[in-house]
Amino acid sequence: MAGNPSAVVFDDVNNPTTTVRGMAAGTYRFMWTISNGTCSPSSDIVDITVYPPTVAGRLIADSFVCAPVNKGVVRLSGNTGRILRWEMSADGGATWTISNDTSSILTYQNLTATTRYRVLVQSGNCSSAYSNTVTINVNQPTKPGNLYTSNKTVCQTVNSGVLELRGATGGLIRWESSTDKGRSWNVISDTDTAYQYDNLTTSTWFRVLVQNGVCTAAYSDTMMIQVDSSTVAGKLGGDATVCMSNNNGKLVLTGNTGSVIHWESTINKGVTWTVIAQTGTQLSYTNADSTTIYRALVKNGVCATQYSNEIMVITVPPVTPSNAGPGQTLCNAETNTVLNANKPASGAGIWTQLRGPSAAAFTNAASASTRVDGLVPGTYEFAWSIANGVCTASTSTVTVKVEKLRAAFGVKGIYDCGLTTFNFRDSSAAHFNIVKRKWVLNDRDSSFDVNFQALFTQTGTNRVALTVTSEVGCSNTARIEFPVDVFEFPKANIAAMSEACRNQLLELKSDVHSKDSIAYMLWFLGNGTRIADSLVKAQYTKEGEYTVKLLVSTVNRCFDSAYKQLMIHPTPVLSLNKENIVCSGDSAGLGVSGAFNYIWKDQNDNVVCNSCRVFRVKPTENTTYKVIGYTEYGCSDVASTSVRVIKPLSLSGQLQDTICFGNNVQIRVQGAASYLWRNDPGLNNYSIANPVASPKETTTYQVVGKDAYNCFADTTDVRITVGKPTEIKLNKDTAILAGTGIQLRAISSLPNIRTWRWEGADFSCLNCPAPMAKVVMDQTIRVTGTNIYGCTSSDTMRIKTFCPTTEIFIPNAFSPDGDGINDKLVVQGKGVKVIKSFRIYNRWGEMVFEKLNFYPGDANSGWDGTVRGKAATPDVFVYVCEVICERGTPGFFKGNVAVLR
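Calculation notes
Residues numbered from 1 in each chain as written. Predicted model: local features only at pLDDT ≥ 70, side-chain atom pairs only at ≥ 80, totals over all residues. Heavy atoms only, no water. Helix = DSSP H or I, 4+ residues; strand = E, 2+ residues; numbered from the N terminus. Polar contact = N/O pair within 3.5 Å; in protein donor to acceptor, adjacent residues only side chain to side chain. Contact = heavy atoms within 4.5 Å. Pairing = 2+ DSSP bridges. Axes fitted to C-alpha atoms, helices over the stretch in contact; angles between N-to-C directions. 1 Å grid on protein atoms, 1.4 Å probe; cavity = no way out; pocket = protein on both sides within 12 Å on 5 of 7 lines; lining within 4 Å. Points joined across faces, edges and corners; volume = space filled by probe spheres on them. Nonpolar A, V, L, I, M, F, W, Y, C, P; charged D, E, K, R; others polar. Core = buried A, V, L, I, M, F, W, Y, C linked by side-chain atoms within 4.5 Å. Buried < 20%, exposed > 50% of the residue type's maximum accessible area, 1.4 Å probe, protein only. Phe/Tyr/Trp six-rings, centres within 6.5 Å; stacked < 30°, edge-to-face > 60°. Lys NZ or Arg CZ within 6 Å of the ring centre and 35° of its normal. Salt bridge = Lys/Arg side-chain N within 4 Å of Asp/Glu carboxyl O.

Draft legend 1. Spatial organisation of the side chain of T337. With respect to the helices and strands, the residue T337 is situated in strand β33 (residues 337–340). Side-chain polar atoms of T337 contact the side chain of Q328, separated by 2.3 Å. Aside from chain neighbours lying at most four places away, what touches T337 is Q328, L330, T370, R371, V372, L375 and V400.

Next up, the structure:
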């Protein structure tokens, strides 16, 4: 017949069974005619639909989003066939979740995990096919984490520590620091989770900026490193000499940085110290009975403690004037001396020893001038008493002091860079207090303090002597020679080019001369970069003048710095068209500016033009060209441009479809930039790729497509086949027994029904023309059929149900004696949906048994012949049974039952 999608060929047009060849996609109508040349011919028509092969199309939507709030679309294009369903997987494709959405665009939102998507497409009854799989990568929200450090407080000038970022989700963008409590922040070019700080001079706040994927960046918490000033012990004043046991005074500490932890005192020249639990800057003493040295211990924050200078409060015993003669001092610990008292004018005199470290022996105790033996270091007091026998005896005393004095001191060297300090601490010993010290360095008087400090800037041998004098006037001297070694500063220099281009790799070499071994070298490149090495490779990304600093330290922590000025020249900035378009067979002109000289290369790195600012090319394929531009300083930059060759186009798409009369369908073609459809009726737009078609009959639409540059055009046809609903007939209305099955059958006027849908009962299948249905209550059954054109039609039937006479079987006697026979009264029945209640009453109307909601024949729900847990005596009981039949109608049954024993 005419109007088919294409011309076909029959193997034998006269054979009732023949093969048809040359069919394209679409619906064909064939007519079989029988005639005998005389009678009227008889004809019949058959429709055959040929579907194009399934093309799954291509999904476009790979992207990154942030959880938990996100939204986007996944779009399918280029498919041939209808979309059966979308599928998605959140476990990498191990399992898939089905979505019955059949549109070509799927919207997703608020994904919490990376999800894959694919589409199942089928053209007619051809094999279905999956599209490609696209992935929506979900980044979890940024967690900036928390900062941690083992020490939040450090001491000024020399300090170091490590800050750690813990619990972060995402990558570190940068560290930041602030010295003004967060009002302004300095960027630290460090992306490690641990950051080391060194030699902070003031309290500093730190934080970290973190970002996970495409999620919003966030700052960590803020960590402050408190910097305490170095401890300064200050100057202690208030030294004094006081009388034994009758004295008082005050010591004052000034110029200190930090708090006094406690005071300390010693009465044995520093051999042992006693802690005084007082924290003020003043200390009072009263009635000291021995010479005492005081000092204060000071500490500021976490910085090291320091002792102040030492202050001595000297106590001396009272001196009693004596006419027994002048007091004596024996400096070299002599063991005897002569006492010279006044001779009595009358009476008699006698010498006695009042005190002393040992018992002395007098040569003649009755002589005013006598020798005393047996003396040891210490103070002796001898009394010369004169008596006349009548007057009160007059006694005077004389003091003899025996001194043992030894000068001594300790030496300790402190080695700094270019300067060595020697501290000499007095360790002299004397029986009596030392009241004077004189230090002599290299035969020159240097100090009269208790301890002595000498500074040296040159290596060599030196001499020092200490002379001490005790309070009794005795002196002693100690001398030593000692070597001095002075640590030297290193000499640093930088060897490097003075000029370079931006992004050029430079080599910086260190030239260091030092007597001592080098401990480390630290480069400051002038662009915020620090490197610890002797040889550095540097690259500057911005032009300008930079100052490079090299810091060198010896093993003795002696430092030197060297500086180098670098001039970084800019690289050229090339300007050219990034993309050029040419129709196939034409040529294009390429041009560039922004440099001093140029070299052009093709995509195979072949030089195609030297010293050219403009030249023409005629490629046959899309080609990329590279140009290198040089400045007068030799700095270069590379840029590229492409020539896009526009080739003849070819239109494609879903070139045929079927719809039901009165419906519409969206036509989809692709392959061009602009479209123009032939002015056939039924299109809503004649200049787009996907107009909506609403034809009243089968129509072939023609479209002309052109590229965006008016180089080429192509033409194709799209055929829309229009069909009508197919009439459906269902069984006639009927009545059946409630709960029984009925065979249903739907008959269509044409064999072109593609899907069935049943409603109103429990069916054996929902997409078939003849299911079995189970009906309990009165129901209206509906069947809906959809034909190959998408047209739907339906029919209904009414089914009424009824319950037959319900039968209940309950014995009139049973014997609950435990022999396993008739031990329980069990309810049996037919046509019963459920037994709502079963109750047993005695002859006085008292209920002795009840069971609710069970099924007939349930032995566990029967009566075992007991009343309140005890066996019932033989008697006659009344039962009442309420049942619900299959269609829900209630029924009641009563009777008697005898209990036999």
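Draft legend 2. Highlighting the sheet that holds strand β61 (residues 623–630). The 5 strands lie next to each other as β56-β62-β61-β58-β59, forming an open sheet whose pairing is mixed. Only two strands of the sheet have a single neighbouring strand rather than two, namely β56 (579–583) and β59 (607–610). Strand-to-strand twist across the sheet, computed as the mean angle between neighbouring axes with direction ignored, equals 25°. Two strands pair when backbone bridges link them, and strand β58 (residues 597–601) and β61 are joined in this way by 5 bridges, in the antiparallel orientation. Within β61, the residue paired with I599 across the bridge is I628.

Draft legend 3. Just empty space enclosed by the protein, in detail. According to the stated counting rule, one finds 1 cavity of 30 Å³ or more in the structure shown. What the largest cavity holds in volume is close to 40 Å³. As for the largest cavity, its lining consists of Q654, D657, V665, Q666, I667, R668, V718 and I720. Among the elements of the structure, β65 (665–666) and β70 (713–723) are those that each provide at least two residues to the lining of the largest cavity. A per-class count over the lining of the largest cavity returns 4 nonpolar, 2 polar and 2 charged.

Draft legend 4. View of the nonpolar core. Core analysis: the largest hydrophobic core is formed by 22 residues, its most contacted members being F424, V464 and F482. Of all the elements in the fold, those that place two or more residues in this core are β41 (419–426), β43 (434–441), β45 (452–456), β46 (460–470) and β47 (475–484). For F482, the contacting residues outside a window of four places in its chain are F422, F424, L441, F456, G460, T461, N462, R463 and V464. Of all hydrophobic cores here, the second largest spans 21 residues; its members include I808, I840, V867 and Y879.

Draft legend 5. Up close: the packing of aromatic side chains. Tallying each qualifying case throughout the model produces 31 aromatic pairs. Ring centres 5.1 Å apart and planes at 65° place the aromatic pair W600 and F615 in the edge-to-face group. With W600 in strand β58 and F615 in strand β60 (residues 614–617), this residue pair connects regions lying 15 residues apart in the sequence. F615 carries the same exposure label as W600, and that label is buried. Their ring planes at 35° and their centres at 6.4 Å tell us that F849 and W863 sit as a pair that is tilted. Highlighted residues: F849 in strand β84 (residues 847–854) and W863 in the loop between β84 and β85 (866–867), separated in sequence by 14 residues. The buried category is assigned to F849, whose relative accessible area is 16%. If you follow R118 out to its NZ or CZ, it ends over the ring of Y130, 4.0 Å from the centre. Positioned over the ring face of Y148 is R166, at 3.9 Å from the centre of the ring.

Draft legend 6. Just the pattern of salt bridges, in detail. Tallying each qualifying case throughout the model produces 26 salt bridges. The salt bridge partner of E176 is R207, with a shortest N-O separation of 2.8 Å. Of this pair, E176 sits in strand β17 (residues 171–178) while R207 sits in strand β20 (residues 204–211), and the two are 31 residues apart along the sequence. Each member of the pair, E176 together with R207, is buried. Residue D443 pairs with R463 through a salt bridge whose shortest N-O separation is 2.9 Å. One end of the pair, D443, is in the loop between β43 and β44 (444–447); the other, R463, is in strand β46, with 20 residues separating them in the sequence. For D443, a relative accessible area of 63% corresponds to the exposed category. Taking relative accessible area as the criterion, R463 reaches 34% and is therefore assigned partly exposed.

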